[in-house]
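Commentary on secondary and tertiary structure
As a plain string of letters, each chain reads:
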Amino acid sequence: MLSVSDTIIATEGIGKTYGTVPVLREIDLRLRPGAILGLIGENGAGKSTLIKCLNGMVAPTTGTVYFDGKPCRSLTVANAIARGIVTVPQEFNLVNDLTVAENIFLGQELTSGFGLLRRQEMADRTQAILNRLNVTLEPTQRVGALSVAEKQCVEIAKALTTPCRVLIMDEPTTVLNQREVKTLFQLLRQFSQQGTAIIFVSHKLHEVRAISTEVAILRDGELVAQAPTSELTEADMARRMVGRELNQLFPELPAAPGAESAPVLEVENVSVPGLLHDISFTLRQGELLGLAGLVGAGRTELAETLYGLHRPSSGTIRLFGRRVRFHSPADAVQAGIAYLSEDRQGAGILTDFALTANITLTSLARYCHPFISRREEQHRAEHFISRLAIKTTSTQTPLRHLSGGNQQKTAIAKGLDHDPKIFLFDEPTRGIDIKAKTDVYRIIHALLGQGLSGIFISSDLEEVIGLCRRVAVMRSGRIAGFLEDDQITEEEIMYLATGVKA
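Residues numbered from 1 in each chain as written. Predicted model: local features only at pLDDT ≥ 70, side-chain atom pairs only at ≥ 80, totals over all residues. Heavy atoms only, no water.

Focus: the overall build of the protein chain
As a reminder, the rule being used: In this text, helices come from DSSP runs of H or I with a minimum length of four residues, and strands from runs of E with a minimum of two, each type numbered from the N-terminal end. Only C-alpha atoms enter the radius of gyration, while the globule expectation follows 2.2 Å times N to the 0.38, with N the number of residues. Buried residues are those whose accessible area, probed at 1.4 Å on protein chains only, stays under 20% of the maximum for their type, while exposed residues exceed 50% and partly exposed ones sit between those limits. Only heavy atoms enter the contact rule, under which two residues are in contact if any of them lie within 4.5 Å. Reported accessibility uses the Shrake-Rupley method at a 1.4 Å probe radius. Residues are deemed covered only where the shown protein chains occlude them. Asp and Glu count as negative and Lys and Arg as positive, but His and the ends of the chain are not part of the count. By convention, the charge on Lys lies at NZ, on Arg at CZ, on Asp at CG and on Glu at CD.
The helix and strand inventory of the protein chain stands at 17 helices and 21 strands. Here the protein chain has a C-alpha radius of gyration of 24 Å; the compact-globule value for 502 residues is 23 Å, and the two agree. For the protein chain, the spread of C-alpha atoms along the principal axes amounts to about 70 × 50 × 50 Å. Taken over 502 residues, the protein chain has a buried fraction of 54%. For the protein chain, the proportion of contacts with a sequence separation of at least 24, taken over those separated by at least 6, is 67%. When the accessible area of the protein chain is evaluated, it comes to approximately 22,000 Å², of which 49% is carbon and sulfur surface. When the 53 basic and 56 acidic side-chain charges of the protein chain are each reduced to a single mean position, those positions are 3 Å apart.

See below:
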């Protein structure tokens, strides 16, 4: 192990306890200048807490953080940034009512001698950073109007404005497409060559292997390994993360619906001004239709249209053979459609609400007689905790205390509580660990076996290929083509998504 004096940032005996619950135990971490450290572990393993100890957000209960070989006493966010420790968080820290440029320079605005903002200079610098990231955004765009993936790019751009010696990136690629990931990795390698140390937190083990020079693995608050990446396979990483062998990641593909299977959803020539153009497809009972495409292709916009968030200007939507026109999500819920938003904490759940209140959020009317029956709510929450294997100490636990995987299961339970016939899954495994992902896959597989139909949106093509027998590939708000069974490969999806094939 490196000595502390040879590192840019290190920990010795770091521990963190909340109340009587230990979250970190005796962590000895070493990071030399220019290293790219992949930090992995299941949700709840302690990754976020360790990051917060390194960037000054929380103070460790025991142990010491070292920077340039010297102990950091009373490390705060401000003096961590002053030392050059910069963090790109998993959950966005952006102001929706400000522009891209205003967010990027928030707190470090450029001003004239008279205290006036040098807006044009900030816009020009922002544009230069966006060009480096190969991102097609305008500095003057309002952040609240951006997609989740575009907001992620803004967070990364914010980090690039600050000279940093240690760059901590928490799940930066979750909603980025392959082109954007490739660009980001090129930048990270440039920073590494310039001596910047990088901590790269991700659940995507193939990305960890691709970008990192070494890997640190946390399990149950303990550092179980720190080793060169070349010495670990993805299977080794996964096994050390969970302490056991993992079974097959994806369940068996369900049987393809027969020709006699009645369509549950028929979309014909649907257009939404500025978003969708001439969309047509059919979804059959028990089918999981994949929606693939690059960021901005219109996948989320299509799901939102089916959920009543956008109104088509033309075309027809039929549900079980009956023409429908939704004016709001409440209409879609009433008709039997559930939607899992890609932005879990922004639009899927209420983190300050208890688990029970989240599960019954869209179906509360069924528990009112005329007053809310807390007993029925409790019983229903217990049903879903058991059915979806949600780990919680109580049905009244606020969701902010649950891991990302258990928050996502709760969001799925919320959709299931109004007994839908069709479930729209938008990035259902964003920001959750490999074990939670397999749980979500099996939940979806079980729902299909019970007759539910689904649409599955994911930026992870491996997921789309592993779960779907039929995939619609979108490009520029249109369906570029359909792929079935053996046709569904990463190459074929990308050919259609980029316009190489029609």
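Side note on the domain arrangement of the protein chain
The cut-off we apply is this: Residue ranges assigned to each domain were obtained from an automatic or database domain assignment. Defined here as a combined quantity, buried area equals the accessible surface (1.4 Å probe) lost by two parts on assembly, summed across both. Think of a polar contact as two N or O atoms within 3.5 Å of one another; within protein, one of them needs to be a possible hydrogen donor and the other a possible acceptor, and neighboring residues in sequence only count if both atoms come from side chains.
According to the domain assignment, the protein chain contains domain 1 (4-242), domain 2 (259-336 + 421-502) and domain 3 (352-419). Each of domain 1 and domain 2 has a C-alpha centre, and the two are 32 Å apart. Contact with domain 1, which involves 19 residues of that partner, is made by 13 residues of domain 2. Buried surface at the junction of domain 1 and domain 2, both sides included, amounts to about 1,400 Å², of which 56% is carbon and sulfur. Joining domain 1 to domain 2, the criterion identifies zero residue pairs in polar contact (both at pLDDT 80 or more).

Overview of the pairing of strand 10 (residues 214-219)
Convention followed: In short, DSSP must find at least two bridges between two strands for them to pair.
With five of six residues buried, strand 10 is to be regarded as a mostly interior element. As paired strands, strand 4 (residues 36-40) and strand 10 are joined by four bridges and run parallel to one another. Paired with Ile40 across the bridge in strand 10 is Ile217. For strand 10 and strand 11 (residues 222-228), the ladder comprises six bridges, and the chain directions are antiparallel. When the bridges of strand 11 are listed, Glu214 appears paired with Pro228. Here strand 10 folds back onto strand 11 in antiparallel fashion, the turn holding two residues, of which Asp220 has a positive phi close to 55°.

Description of the packing of aromatic side chains
In plain terms, the rule: Only Phe, Tyr and Trp rings are paired, with Trp represented by its six-membered ring, and only when their centres lie within 6.5 Å; those with planes under 30 degrees apart are stacked, over 60 edge-to-face, the remainder tilted.
The full count for this structure, using the stated rule, is four aromatic pairs. Between Phe185 and Phe200, the aromatic rings sit 5.7 Å apart at their centres with planes inclined by 75°, giving edge-to-face as the arrangement. Linking Phe185 in helix 6 (residues 178-193) with Phe200 in strand 9 (residues 197-201), this pair joins segments that are 15 residues apart in sequence. With respect to burial, Phe185 and Phe200 carry one shared label: buried. Summarising the aromatic geometry, the rings of Phe423 and Phe425 are spaced 4.3 Å apart at their centres and angled 5° between planes, so their arrangement reads as stacked. This pair shows no difference in class: Phe423 is buried, exactly as Phe425 is.

Details of the side chain of Asp417
With respect to the secondary-structure elements, Asp417 resides in the loop between helix 14 (404-416) and strand 18 (422-426). According to the relative accessible area criterion, Asp417 is buried, its value standing at 0%. There is a polar contact of 2.5 Å between the side chain of Asp417 and the side chain of Arg380. Discounting residues that sit within four places of it in the chain, Asp417 has contacts with Ile359, Thr360, Ser363, Arg366, Tyr367, Arg380 and Phe384.

Notes on the sheet that holds strand 20 (residues 470-475)
The criterion, for reference: What counts as an axis is a line fitted to C-alpha atoms, over the stretch in contact for a helix, and the angles between N-to-C directions run from 0 to 180 degrees.
Strand order in the open sheet formed by six strands is 17-18-19-14-20-21, and the pairing between neighbours is mixed. Unpaired on one side and paired on the other, strand 17 (337-340) and strand 21 (478-484) mark the two borders of the sheet. Put simply, the sheet's adjacent strands are angled 20° from each other on average, direction ignored. Of the strand pairs in this sheet, strand 20 and strand 21 are connected by six bridges, and their pairing is antiparallel. Note that in strand 21 the partner of Ala472 across the bridge is Phe482. Packing against the sheet, helix 15 (residues 434-449) makes contact with strand 14 (288-293), strand 18 and strand 19 (453-457), and its axis sits at approximately 150° to strand 19.

Quick look at the side chain of Thr395
Here Thr395 lies in the loop between helix 13 (374-387) and helix 14. A polar atom in the side chain of Thr395 sits 2.9 Å from the side chain of Gln378. Discounting residues that sit within four places of it in the chain, Thr395 has contacts with Ala354, Leu355, Thr356, Gln378, Ala381, Glu382 and Ile385.

A look at the state of the cysteines
Worth spelling out the cut-off: Criterion for a disulfide: a pair of cysteine sulfur atoms within 2.5 Å.
Scanning all chains against the criterion turns up zero disulfides. Cys53 provides the cysteine sulfur closest to Cys72, a residue in no disulfide bond, and the two sulfurs are 12 Å apart.

Details of the pattern of salt bridges
Heads up, the rule is: One speaks of a salt bridge when a side-chain nitrogen belonging to Lys or Arg is within 4 Å of a carboxyl oxygen belonging to Asp or Glu.
All chains considered together, the criterion is met by 17 salt bridges. Put simply, Arg125 and Glu121 hold a salt bridge, and the shortest N to O gap is 2.9 Å. On the criterion of helical spacing, the pair formed by Arg125 and Glu121 is a turn pair, its members being four residues apart in helix 4 (residues 119-132). One salt bridge connects Arg400 with Asp352, and the closest N-O pair in it is separated by 3.0 Å. One end of the pair, Arg400, is in the loop between helix 13 and helix 14; the other, Asp352, is in the loop between helix 11 (344-348) and helix 12 (355-359), and 48 residues separate them in sequence. Note on Arg400: relative accessible area 47%, which makes it partly exposed. Residues joined by salt bridges that share partners form a network here, namely Arg366, Arg380, Asp417 and Asp419.

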